[in-house]
Protein chains: 2
Amino acid sequence: MKVEYINPFLVSTISVFDTMLNCKLERGVPYLKNGTQPQHEVSGVIGLSGKAQGTVVLTLSREAALSATEALLQERPTEINGDVTDAIGELVNIIAGNAKAKLEHLDMSVSLPTVITGKNHCIEFPSKVTPICIPFTSAWGDVTVEVGLREVKAAVTVAAEAH
Amino acid sequence: MKVEYINPFLVSTISVFDTMLNCKLERGVPYLKNGTQPQHEVSGVIGLSGKAQGTVVLTLSREAALSATEALLQERPTEINGDVTDAIGELVNIIAGNAKAKLEHLDMSVSLPTVITGKNHCIEFPSKVTPICIPFTSAWGDVTVEVGLREVKAAVTVAAEAH
């Protein structure tokens, strides 16, 4: 995965948290996802397809997920419920949407988001893809964005279309 | 979600398990996903985008995931490892690829698969989408396919592009 593809996701995440949630994220050092590590308790997942295929994961601590939902809805959920999963799905949708607009030459479109909940769930990418993780800290707790993206070669597209 | 969109996923799942894994699936009665229910222990997730946006989830019991990997690799994994997540990611990729070919008018392409592992993880779709679950039984244990799909209106596409 090309390093220059990471920056749009990093910038988009910081911008969406700032403008939509009024939450300042402090970025840590991006690293390659390596081996199986549990995600935080709530993870939004969305697919990208076009001249590159990808997946974006926004994973948050329970506290960060509840606080993000509170910031959007002006009401604090008492548990991880449908409001929280809708909020986190919408956040990953907007983060991916903003980033893809900055990667216009890849002509990507987004799928529907899904939101994974559960302590110690793991999200694995295909082994031929090396996703990059961008850790952030915030007043609400930890937030990490993981992006795995690979360019689709023309021949592969033709083969995939033949299914 | 239109009911006629379900059949290609149902047929594709049965066909892929039969031809690639030599495993006969017996289908149960499809139902609307309603509320939060934990998935089986291993779930492959892939996004679809085009004139419809969607997500397909293939969720399997631990035993079914291990047996499916054994059928593909001719060697039984001793635990849920990278071979298993690669195998389940590839299965959901092929199931979604075959189904989208039968829904040609929706002009969809697939994203990268991811695979979720962990006991009692839940996968939530956006509340505006009602995913349909297709349960299957097999000699290996339970397998369920969940499909959430919604058509993208032209105006929505333009708005999304404006991000």
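What counts and how
- Residues numbered from 1 in each chain as written.
- Chains lettered and ligands numbered in written order.
- Predicted model: local features only at pLDDT ≥ 70, side-chain atom pairs only at ≥ 80, totals over all residues.
- Heavy atoms only, no water.
- Helix = DSSP H or I, 4+ residues; strand = E, 2+ residues; numbered from the N terminus.
- Rg over C-alpha atoms; globule rule 2.2 N^0.38 Å.
- Contact = heavy atoms within 4.5 Å.
- Areas by Shrake-Rupley, 256 points an atom, 1.4 Å probe, with all protein chains shown as cover.
- Lys, Arg positive; Asp, Glu negative; His and termini not counted.
- Charge placed at Lys NZ, Arg CZ, Asp CG, Glu CD.
- Buried area = accessible area lost by both parts, 1.4 Å probe.
- Salt bridge = Lys/Arg side-chain N within 4 Å of Asp/Glu carboxyl O.
- Polar contact = N/O pair within 3.5 Å; in protein donor to acceptor, adjacent residues only side chain to side chain.
- Buried < 20%, exposed > 50% of the residue type's maximum accessible area, 1.4 Å probe, protein only.
- Least-squares fit on C-alpha atoms with pLDDT ≥ 70 in both.
- Axes fitted to C-alpha atoms, helices over the stretch in contact; angles between N-to-C directions.
- Parallel < 35°, antiparallel > 145°, perpendicular 65-115°, else oblique.
- Left-handed = near helix turned anticlockwise from the far one by under 90°.
- Nonpolar A, V, L, I, M, F, W, Y, C, P; charged D, E, K, R; others polar.
- Pairing = 2+ DSSP bridges.

Colleague: Please explain the overall build of chain A as it appears in this structure.
Modeller: Looking only at helices and strands, chain A features 4 helices and 9 strands. What you see in chain A, going N to C, is helices and strands ordered as α-β-β-β-β-α-α-β-β-β-β-β-α. Taken against the 2.2 N^0.38 rule, which gives 15 Å for 163 residues, the C-alpha radius of gyration of chain A at 16 Å falls within 12% of a compact globule. Expressed along its principal axes, the backbone C-alpha trace of chain A runs to roughly 50 × 30 × 30 Å. Once local pairs closer than 6 in sequence are excluded, the contacts in chain A between residues at least 24 apart make up 70%. Surface summary for chain A: the accessible area is close to 7,100 Å², and the carbon and sulfur share equals 51%. Computed over 13 positive and 18 negative side-chain charges, the inter-centroid distance for chain A is 8 Å.

Colleague: Just to check I follow, could you spell out the interface of chain B and chain A for this structure?
Modeller: Interfaces are frequently sized by the accessible area removed from exposure as the parts join. Taken residue by residue, the interface counts 41 residues in chain B and 41 residues in chain A. Interface area, chain B with chain A, both sides summed: about 3,000 Å², of which 52% is carbon and sulfur. Where chain B packs against chain A, one counts 0 salt bridges. For the interface between chain B and chain A, the tally reads 13 residue pairs in polar contact (both at pLDDT 80 or more).

Colleague: When you look at the side chain of E124 of chain A in this model, what are you seeing that I'm missing?
Modeller: With respect to the element layout, E124 of chain A can be found in strand β7 (residues 122–124). No salt bridge forms around the buried E124 of chain A; measuring N to O, its nearest opposite-charge neighbour K33 of chain A is 5.3 Å away. Here E124 of chain A is in contact with G35 and T36 of chain A together with T85, P113, T114 and V115 of chain B, once residues within four sequence places are set aside.

Colleague: Got a minute to help me understand the relation of the copies chain B and chain A in this structure?
Modeller: For these two chain copies, the linking operation is a rotation about an axis paired with a shift along it. By a simple turn and slide, chain B fits onto chain A: the slide is 0.0 Å along the axis, the RMSD is 0.0 Å, and the turn is 180 degrees. Those values place the two copies in the arrangement expected of a two-fold rotation axis. Considering only C-alpha atoms, the part of chain B nearest the rotation axis is G47 of chain B, at 2.4 Å. Mapped onto chain A, 100% of the interface residues of chain B are again interface residues, and the two copies thus contact each other with one and the same surface.

Colleague: Could you clarify how one ought to interpret the packing of helix α1 (residues 6–21) of chain A against helix α3 (residues 82–102) of chain A in this entry?
Modeller: To characterise two packed helices, one gives the angle between the axes of the helices and the distance between these axes. Residue and element names in this part refer to chain A. Taken N-terminus to C-terminus, the directions of α1 and α3 make an angle of 130 degrees; their axes are 9 Å apart at the nearest point. The pairing of α1 with α3 is recorded here as oblique in orientation. When you trace α1 past α3, the crossing you get is right-handed. Contact residues: α1 offers P8, F9, V11, S12, T13, V16, F17, M20 and L21, while α3 offers L91, I94, I95, A96, N98, A99 and K102. Of the residues that constitute the contact of α1 with α3, the class distribution is 12 nonpolar, 3 polar and 1 charged.

Colleague: When you look at the environment of K33 of chain B in this model, what are you seeing that I'm missing?
Modeller: All names here are of chain B. The topology assignment puts K33 in the loop between β2 (31–32) and β3 (42–49). Under the relative-accessibility criterion, K33 is labelled buried at 10%. Each C-alpha atom, one on K33 and one on T130, is 6.6 Å from the other, the two residues being 97 residues apart in sequence. Beyond its immediate sequence surroundings of up to four residues, K33 is in contact with Q39, I123, F125, T130, P131, C133 and E146. A distance of 2.6 Å separates a polar side-chain atom of K33 from the backbone oxygen of I123.

Colleague: Is there a simple way to explain the pairing of strand β3 (residues 42–49) of chain A in this structure?
Modeller: Residues in a regular strand point their side chains to alternate faces of the sheet. Residues and elements named next belong to chain A. By the criterion of burial, β3 is predominantly enclosed, with 8 of the 8 residues buried. With burial as the criterion, each face of β3 is covered, one bearing V42, G44, I46 and L48 and the other bearing S43, V45, G47 and S49. One ladder, built from 7 bridges, connects β3 with strand β4 (residues 52–60); its direction is antiparallel. Across the sheet, the residue bridging to V42 is L60, located in β4. Between β3 and the antiparallel strand that follows it, β4, lie 2 residues; G50 among them carries a positive phi value of about 155 degrees. As paired strands, β3 and strand β6 (residues 114–117) are joined by 4 bridges and run antiparallel to one another. Its bridge partner being in β6, V42 is matched across the sheet by T117.

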